[in-house]
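Observations on chain architecture
Given next are the chains, with one letter for each unit.
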Amino acid sequence: MFTALEGCSVVVTGGSKGIGKGIARVFARAGANVLVAARDEETLAATAAELGRETGGRIATVSADVSRTQDCARIAETAMAELGGIDVLCANAGIFPDKPFAQLTEEDVDTVFNCNVKGTMFMVQAALPALEASGRGRVVLTSSITGPLTGFPGWSHYGASKAAQLGFLRTVAIELAPSRITVNAVLPGNVATEGLDELGEDYRAGMEAAIPQHRLGSVEDIGYAALFLATEEAGYITGQTIVVDGGQVLPESPAALEGI
Ligand code: NAP
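Residues numbered from 1 in each chain as written. Predicted model: local features only at pLDDT ≥ 70, side-chain atom pairs only at ≥ 80, totals over all residues. Heavy atoms only, no water.

The subject of this paragraph is the side chain of T47. Along the chain, the position of T47 falls in helix 2 (residues 41-55). From its side chain, T47 meets the backbone oxygen of S16 in a polar contact 2.6 Å long. Other than its neighbours up to four places away in sequence, T47 contacts G15, S16 and K21. (Helix = DSSP H or I, 4+ residues; strand = E, 2+ residues; numbered from the N terminus. Polar contact = N/O pair within 3.5 Å; in protein donor to acceptor, adjacent residues only side chain to side chain. Contact = heavy atoms within 4.5 Å.)

Let us now look at the pattern of salt bridges. By the definition in use, this model includes 13 salt bridges. In this structure, E82 engages R58 in a salt bridge whose closest nitrogen and oxygen atoms are separated by 2.4 Å. In this pair, E82 sits in helix 3 (residues 69-83) while R58 sits in the loop between helix 2 and strand 3 (59-63), placing the two residues 24 residues apart along the sequence. The exposure class of R58 is exposed, given its relative accessible area of 52%. Among the salt bridges present, the one from E232 reaches R136, with a minimum N-O distance of 3.5 Å. Placement of E232 in the loop between helix 8 (219-230) and strand 7 (241-244) and of R136 in the loop between helix 4 (106-134) and strand 5 (138-142) is noted, with a sequence separation of 96 residues between them. With a relative accessible area of 15%, R136 lands in the buried category. (Salt bridge = Lys/Arg side-chain N within 4 Å of Asp/Glu carboxyl O. Buried < 20%, exposed > 50% of the residue type's maximum accessible area, 1.4 Å probe, protein only.)

Let us look at the packing of helix 3 against helix 4. Remark: helix 3 packs on helix 4, axes separated minimally by 9 Å, with the N-to-C direction vectors making an angle of 35°. Note that helix 3 runs across helix 4; the crossing there is right-handed. Where helix 3 abuts helix 4, its residues T69, C72, A73, I75, A76 and M80 lie against G119, F122, M123, A126, A127 and A130. Of the residues contributing to the contact of helix 3 with helix 4, the split by class is 10 nonpolar, 2 polar and no charged. (Axes fitted to C-alpha atoms, helices over the stretch in contact; angles between N-to-C directions. Left-handed = near helix turned anticlockwise from the far one by under 90°. Nonpolar A, V, L, I, M, F, W, Y, C, P; charged D, E, K, R; others polar.)

This part is about the nonpolar core. The biggest cluster of nonpolar side chains holds 35 residues, and the ones touching the most others in it are L35, I75, I86, L89, L141 and V183. Only strand 2 (33-38), strand 3, helix 3, strand 4 (88-91), helix 4, strand 5, helix 5 (156-176) and strand 6 (182-188) provide two or more residues apiece to this core. The contact partners of I75, leaving out residues within four places of it in the chain, are V11, T13, L35, A37, V62, A64, V66 and M123. (Core = buried A, V, L, I, M, F, W, Y, C linked by side-chain atoms within 4.5 Å.)

So this is what it looks like as structure tokens:
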């Protein structure tokens with residue numbers, strides 16, 4: 001049995017939709033006080049109302065863009081004001097626009113890196129004083145299998161950004177260890193989200209066929225991994241990654257899935 005996370009303070013960036021919303025839901029169900037950060041105020045308000053109704057918890061919100069350093073600071077300030085601190089930071093906000101490598105512009109790369117890499121790094125930095133004060137701070141990054149473990153045409157910049165998050169995590173985990181802060185990452189495979197829906201039915205069907213469990217992940221599948229990494233009992237795990245992908249990275253070739 002794990003020690004309850006009831007009453008702990010959790011910040012989820014990109015928590016208004018998709019995986020972040022699933023993470024926020026799982027923590028709220030566990031009795032945590034949750035602050036959800038994202039840019040669009042209407043979606044934030046709808047998500048807070050939905051999760052509040054569903055879990056009986058109070059979900060605080062802040063409209064902020066993690067690719068702006070000053071917004072990261074504002075998210076941390078709001079957590080102090082609304083939750084009284086930060087025990088767990090789920091740095092999940094990320095974007096995945098696709099474009100063939102040959103057509104990529106500097107602006108395309110900057111946009112993805114500003115959100116996925118700089119947004120992660122400066123969010124963690126902004127939360128540091130609160131995580132240190134917690135005495136059991138936990139950082140859980142949402143990376144991806146794409147980049148760290150696999151590739152997919154159209155996502156060279158995205159894959160590079162998701163791998164960069166892990167380079168960051170391995171050093172920062174060492175630097176923050178003396179403050180009893182752990183830093184780990186969840187690497188989702190293909191998860192059923194609003195964002196993924198936009199890629200179309202063909203993409204979804206192709207992905208389901210390539211996953212040994214023949215289903216996309218649910219947003220809660222990722223939330224449970226984040227919840228585990230946030231527990232008291234996971235306190236000796238730092239600088240590590242957990243792949244949550246239904247076995248997607250395992251087949252050596254399509255032949256490995258024949259008859260499966
Ligand atoms: P999603 O459904 O598009 O949701 C993205 C969330 O992040 C939304 O709440 C969005 O709200 C917020 N967001 C985007 N840019 C932001 C910014 N600059 N500042 C603050 N919030 C921002 O995406 P998702 O599929 O859940 O992806 C979430 C994370 O999981 C990403 O890091 C992604 O790389 C990773 N991931 C996803 C999958 C998958 O299969 N879906 C697989 C592997 C990894 P606003 O637009 O209102 O800001």
